[in-house]
Amino acid sequence: MRIGIFDSGIGGLSTLLACLRRLPDAHYLFYGDSAHAPYGDKSPAQVRQWTEEAYAWFISAGVDAVVLACNTATSAAVAPLRERADIPIIGIEPAIRKALTDHPQSGVLLLATSITVNGEKLRNLLGRLENGQERVRPLACSGLAEIIETQDTDWSARVRRYLQMRVQPARTADIGVVVLGCTHYCWINNLINDTLGGDIAVVDGNDGVARQLCRRLGVPIGTDTAPSLPRHARISLYFTADNDVKSRLARQLLAASGVSMDRQPDLPHARACSSNPGPAGR
Ligand code: DGL
């Protein structure tokens, strides 16, 4: 079974890890659109186009399902993509329902990109949930995913400064839970918790995506709430710019989570970049 995982960059690796917990034997094709990242402050029309290009690439690679491991791409592109897709498309959206249900007395701080915060998809979701508009405070974090994506020597210090200046002031006394509405932020959940006083719950939508992927593929979900990660996984990486550097970084992040990659056939990088991508080797 082949599964395509798509994000602008390394954020989607956190979703890949969640999928690996539930479907450890699948072959994952990870596509990071580093040529156009970050997505968050671009126009929804551009993000839609790049998501469609990634989808075409996955189709030519013969995947059985595509996971949009990017809240921004899901907000901008999942609906039109699903209209013409022949395979399951699983999108990710902020785990607001879970936050409201698990923390019935608390206000919810939602951290996401500008596209996600200003999108119709979020507006509709908040409108559907009881007291959604009143209890959820969305905060657009422009530039945060970009800092996380660099993973350079002082990235975590810069994240801390960003959180202190932009996010800390939004933590009013009623806020008891933070929803990570951007997959990049899953790499900084400890920094978020620390900066906000160490006593706040932090939730993301990754396991929900993995479960939905299982449902759509007809794979039993099982009763385990947090299955362990496999030590080896079948993963092929492709980044639309700086592929070697980005792939090395991705391997390091996966290894830091205890997952090493079994060697897979190389993907056709050069052709994959063109508007008419060739199929990846099986
Ligand atoms: N990781 C993506 C998301 O979940 C996008 C971050 C970005 O490229 O701005 O929203």
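This report concerns the structure included in the present document. (Residues numbered from 1 in each chain as written. Predicted model: local features only at pLDDT ≥ 70, side-chain atom pairs only at ≥ 80, totals over all residues. Heavy atoms only, no water.)

Another point: the site of the ligand. Residues in close proximity to the ligand total 13 residues, the closest being Ser8, Tyr39, Gly40, Thr72 and His184. Ser8 places a side-chain nitrogen or oxygen 2.7 Å from an oxygen atom of the ligand. Its residues assigned to classes, the shell around the ligand comprises 5 nonpolar, 7 polar and 1 charged. (Near = heavy atom within 4 Å. Polar contact = N/O pair within 3.5 Å; in protein donor to acceptor, adjacent residues only side chain to side chain. Nonpolar A, V, L, I, M, F, W, Y, C, P; charged D, E, K, R; others polar.)

This part takes up unusual backbone geometry. Look at the link from Ala37 to Pro38: it is a cis peptide, with omega at -5 degrees. The topology assignment puts Pro38 in the loop between strand S2 (27–32) and helix H2 (44–60). The backbone of Asn131 shows a phi angle near 60 degrees, a positive value even though the residue is not glycine. When you line up the elements, Asn131 lands in the loop between helix H6 (120–128) and helix H7 (132–135). By relative accessible area, which is 42% here, Asn131 ends up partly exposed. A positive phi angle is found at Asp242, which is not glycine, with a value near 50 degrees. (Helix = DSSP H or I, 4+ residues; strand = E, 2+ residues; numbered from the N terminus. Buried < 20%, exposed > 50% of the residue type's maximum accessible area, 1.4 Å probe, protein only.)

Taken as a whole, the largest pocket spans an internal volume of roughly 510 Å³. Lining the largest pocket are 22 residues, with Glu93, Ala95, Gly205, Gly208 and Val209 sitting closest to its centre. Sorting the residues of the lining of the largest pocket by element identifies strand S4 (89–91), helix H4 (96–102), strand S8 (201–203) and helix H11 (206–217) as the ones contributing at least two each. When residues of the lining of the largest pocket are assigned to their parent elements, the largest contribution, 6 residues, is made by H11. In the lining of the largest pocket, the residues fall into 10 nonpolar, 4 polar and 8 charged. One number sums up the size of the second largest pocket: a volume of about 340 Å³. Lining the second largest pocket are 14 residues, and of these Ser14, Ala18, Arg21, Asp204 and Asn206 lie nearest its centre. Here the lining of the second largest pocket takes 4 residues from helix H1 (residues 11–22), the largest share from any one element. When grouped by side-chain class, the residues that make up the lining of the second largest pocket number 7 nonpolar, 4 polar and 3 charged. (1 Å grid on protein atoms, 1.4 Å probe; cavity = no way out; pocket = protein on both sides within 12 Å on 5 of 7 lines; lining within 4 Å. Points joined across faces, edges and corners; volume = space filled by probe spheres on them.)

Below, the discussion takes up the nonpolar core. Tyr28, Tyr185 and Ile188 are the most contacted members of the largest nonpolar core, which totals 57 residues. The element best represented in this core is H1, accounting for 6 residues. In this structure Tyr185 touches Leu111, Ala112, Thr113, Cys141, Leu144, Ala145, Ile148, Leu180 and Ile192, once residues within four positions along its chain are discounted. (Core = buried A, V, L, I, M, F, W, Y, C linked by side-chain atoms within 4.5 Å. Contact = heavy atoms within 4.5 Å.)

Moving on to the packing of aromatic side chains. Where two aromatic rings form a pair, the distance of their centres and the angle of their planes describe that pair. All told, the structure shown has 9 aromatic pairs when counted by the stated rule. When the ring of Phe6 is compared with that of Tyr39, the centres are 6.2 Å apart and the planes differ by 50 degrees; the resulting orientation is tilted. You can see Phe6 sitting in strand S1 (residues 2–7) and its partner Tyr39 sitting in the loop between S2 and H2, a full 33 residues away along the chain. A residue is classified by how much of its surface remains accessible, and Phe6, at 0% relative accessible area, is buried. Ring centres of Trp57 and Phe58 lie 5.4 Å apart, and the angle between their planes is 75 degrees; on these two criteria the pair is classed as edge-to-face. Using a relative accessible area of 1% as the deciding quantity, one classes Trp57 as buried. Owing to a relative accessible area of 0%, Phe58 belongs among the buried residues under this scheme. Grouped by ring-pair contacts, the aromatic residues Phe6, Tyr31, Tyr39, Trp50, Trp57, Phe58 and Tyr238 constitute a single cluster. (Phe/Tyr/Trp six-rings, centres within 6.5 Å; stacked < 30°, edge-to-face > 60°.)

When charged atoms on two side chains of opposite charge get close, those side chains can pair. By the definition in use, this model includes 10 salt bridges. Two residues, Arg158 and Asp152, come together in a salt bridge whose shortest N-O distance is 2.8 Å. Overall, the relative accessible area of 25% leaves Arg158 in the partly exposed class. When salt bridges that share partners are traced, they join Arg22, Asp207 and Arg211 into one network. (Salt bridge = Lys/Arg side-chain N within 4 Å of Asp/Glu carboxyl O.)

Here we take up empty space enclosed by the protein. Over the atoms rolls a probe the size of a water molecule, and its path tells where empty space is left. Under the criterion given, the structure shown has 3 cavities of 30 Å³ or more. If you add up the space inside the largest cavity, you get close to 140 Å³. Along the walls of the largest cavity sit 18 residues, with Pro38, Tyr39, Gly40, Thr113 and Ala145 positioned nearest its centre. Among the residues forming the lining of the largest cavity, the class breakdown is 8 nonpolar, 7 polar and 3 charged. In this structure, the second largest cavity encloses a volume near 60 Å³. Considering the residues around the second largest cavity, the lining is formed by Asn71, Thr74, Ser75, Ile92, Glu93, Pro94, Thr116, Lys121, Leu122 and Leu125. Going through the elements one at a time, helix H3 (71–84) and H6 are the ones with two or more residues in the lining of the second largest cavity. Within the lining of the second largest cavity, the residues separate by chemical class into 4 nonpolar, 4 polar and 2 charged.

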